[in-house]
Amino acid sequence: MAWTWFHRLGSPPWIYHFAGRVLRYLLPLTLLMLCVGAVWGLAFAPPDFRQGNSYRIIYIHVPVSVVALAGYYVMAIAGAVSLIWRMKVADLMMRVAAPIGAGLTLLALVTGAVWGKPTWGTWWVWDARITSMVILLFLYIGVYALYEAYDNKTLAAKACAILSLVGTVNIPIIYKSVDWWYSLHQPASIKFTGGTTIDPSMLYPLLLMISAVYALYVCLLLLGLRAGLIDSESTTNWVKREVLGEH
Amino acid sequence: MSTSLFTKVVHRQLLLAFRRPAALLNPLTFYAVVIALMPLGLGPERQVLADFAPGLLWIAALLASLLSAETLLRSDYDDGSLEQIVTSGGSVYLAALGYVISHWLITGLPLMLLVPLFSQLLSMPTEGVLALVASIGVGTLLLSALGTLGAALTVALRRGGMLISLLLLPLEVPVLILGAGLVERAISGLAIQGLLSILIGLAVLAVTLVPIAIAASIRISLEV
């Protein structure tokens, strides 16, 4: 009995409807959180005494970067689940997570560059964290490209699962080595904001924005999952009933 | 039975390589050409070349291993040998290990022996030569493990050529950083034991664990 929820996860129509129900509440909530967080952070939070108003991009940059990193683990865990339990839904989840993760990583890099221009005086530096993000972007693109290269999508998912699991083991090693590389080649001096503490008046909108982007990630994942389910199950009866509106 | 699958694969790969010496020479020739391009791109000034030498020698090693990884499993996939290995009932893990070790023997080991020569073409200070030989020797073992994995994932794809570099190069970043860093440290007269130990540790990790992923990938590729 306790396992019925687990078996339901193997049923595409159940997942499709469940995702739909979640989205009905989560999507408006996400939009509300994004709007409140953005207006609060961009208009009402006090300006930074050193960076003035240019620091406000933190409310986009930090949430996006945090979720971009977490997204790789979501993808790898979905891959592991698909390898272990042969679950079609996990395959799709991994397939959907790759482009979303790549998009978020790219957004993190672009907003970082936009922030870097007024703060550091340059669009790009080979700083440890930026370099790690670039490599993360390539890892995401690699998984996506490998999936697209296979014609048989079941095998594509298996191959991508292996690749993302190898990547998961490798990511801490990459981060450590990039950190070490950066300390070896440390250029002149680029100091991030002086103080490490952040005032609550700036922190609360930031936390709200991080939660909002996490919620947005879940929404995008579920939307992609629903589209993927309709696509991969297009010959089955439940999809026909769904599309024709017969219940 | 299962141990012999390892020796059989290594024996077969080495035999194939020595019967067709071009396979043995191509990666080295490629390496030499890439190194020869560096002064043409950067200018012949000895100091400039010497400054960049550790990084350049390592990047060329990455590219050379990538080039040979692309065709590593191709013919065995096409003529059905891979299928025979999987259906033989022996350990695919040991066969995968055999491919990794034989790839290193065919590409990594010769490069390790010849790299002091190439380093002098870029007038690298001689203090770093020993560290370079050690780091290339250990590092190419890592590259062979990852390269075989890339080959196993893409061997069934007709358009796998560009893909394999996209898959492998990001994973190989730590090897490049540690390898080139080790040589730079040696040139500036610092101790390298610590870094070398890390590199050896990673190589042991890769050689023992990556064949699991290779074996799984070979099975996937055979289903295509």
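You'll find the structure just up there.
Let us look at the structure shown here.

Quick notes on the rules
Residues numbered from 1 in each chain as written. Chains lettered and ligands numbered in written order. Predicted model: local features only at pLDDT ≥ 70, side-chain atom pairs only at ≥ 80, totals over all residues. Helix = DSSP H or I, 4+ residues; strand = E, 2+ residues; numbered from the N terminus. Expected span 1.5 Å × (residues − 1). Bend = angle between axes of the 7 residues up to and from the residue. Core = buried A, V, L, I, M, F, W, Y, C linked by C-beta atoms within 7 Å. Buried ≥ 20, exposed ≤ 12 C-beta atoms within 10 Å, placed from the backbone. Contact = placed C-beta atoms within 7 Å. Axes fitted to C-alpha atoms, helices over the stretch in contact; angles between N-to-C directions. Parallel < 35°, antiparallel > 145°, perpendicular 65-115°, else oblique. Left-handed = near helix turned anticlockwise from the far one by under 90°. Nonpolar A, V, L, I, M, F, W, Y, C, P; charged D, E, K, R; others polar.

### Side note on helix 6 (residues 92–121) of chain B
Residue and element names in this part refer to chain B.
Inference 1: Here helix 6 spans 42 Å end to end across 30 residues, near enough to the 44 Å set by a 1.5 Å rise per residue.
Inference 2: By the largest-angle criterion, Leu114 marks the main kink of helix 6, which is about 45 degrees, and a proline, Pro116, follows within four residues.
Inference 3: After helix 6 finishes, the residue Ser123 shows a positive phi value of roughly 45 degrees.

### Quick word on the nonpolar core
Inference 1: Membership of the largest hydrophobic core comes to 130 residues, with the highest contact counts inside it found for Met93, Met94 and Ala97 of chain A together with Leu57 of chain B.
Inference 2: Broken down by element, this core gets its largest block of residues, 14 residues, from helix 7 (residues 129–154) of chain B.
Inference 3: When residues no more than four places from it in sequence are discounted, the contact partners of Ala97 of chain A are Gly71, Val74, Met75, Ala78 and Leu221 of chain A.

### What about the interface of chain A and chain B?
Inference 1: Across the contact, 24 residues belong to chain A and 22 residues belong to chain B.
Inference 2: Elements with a minimum of two residues in the side of chain A that touches chain B: helix 5 (128–149) and helix 6 (153–184) of chain A.
Inference 3: Top contributing element to the side of chain A that touches chain B by residue count: helix 6 of chain A, with 14 residues.

### So, unusual backbone geometry
Inference 1: Here the phi dihedral of Arg86 of chain A falls at roughly 50 degrees; this positive angle occurs in a residue that is not glycine.
Inference 2: By secondary structure assignment, the location of Arg86 of chain A is in the loop between helix 3 (58–85) and helix 4 (88–120).

### As for the packing of helix 3 of chain A against helix 7 (residues 200–232) of chain A
Residue and element names in this part refer to chain A.
Inference 1: Remark: helix 3 packs on helix 7, axes separated minimally by 9 Å, with the N-to-C direction vectors making an angle of 45 degrees. The angle between helix 3 and helix 7 places the two elements in the oblique class. Here helix 3 runs over helix 7; the crossing is right-handed. Of the residues in helix 7, those in contact with Ile58, Tyr59, Val62, Pro63, Val64, Val66, Val67 and Gly71 of helix 3 are Pro205, Leu206, Met209, Ile210, Val213, Tyr214 and Tyr217.
Inference 2: Residues that form the contact of helix 3 with helix 7 fall into these classes: 14 nonpolar, 1 polar and no charged.

As far as function goes, none of this settles anything; it's purely spatial.
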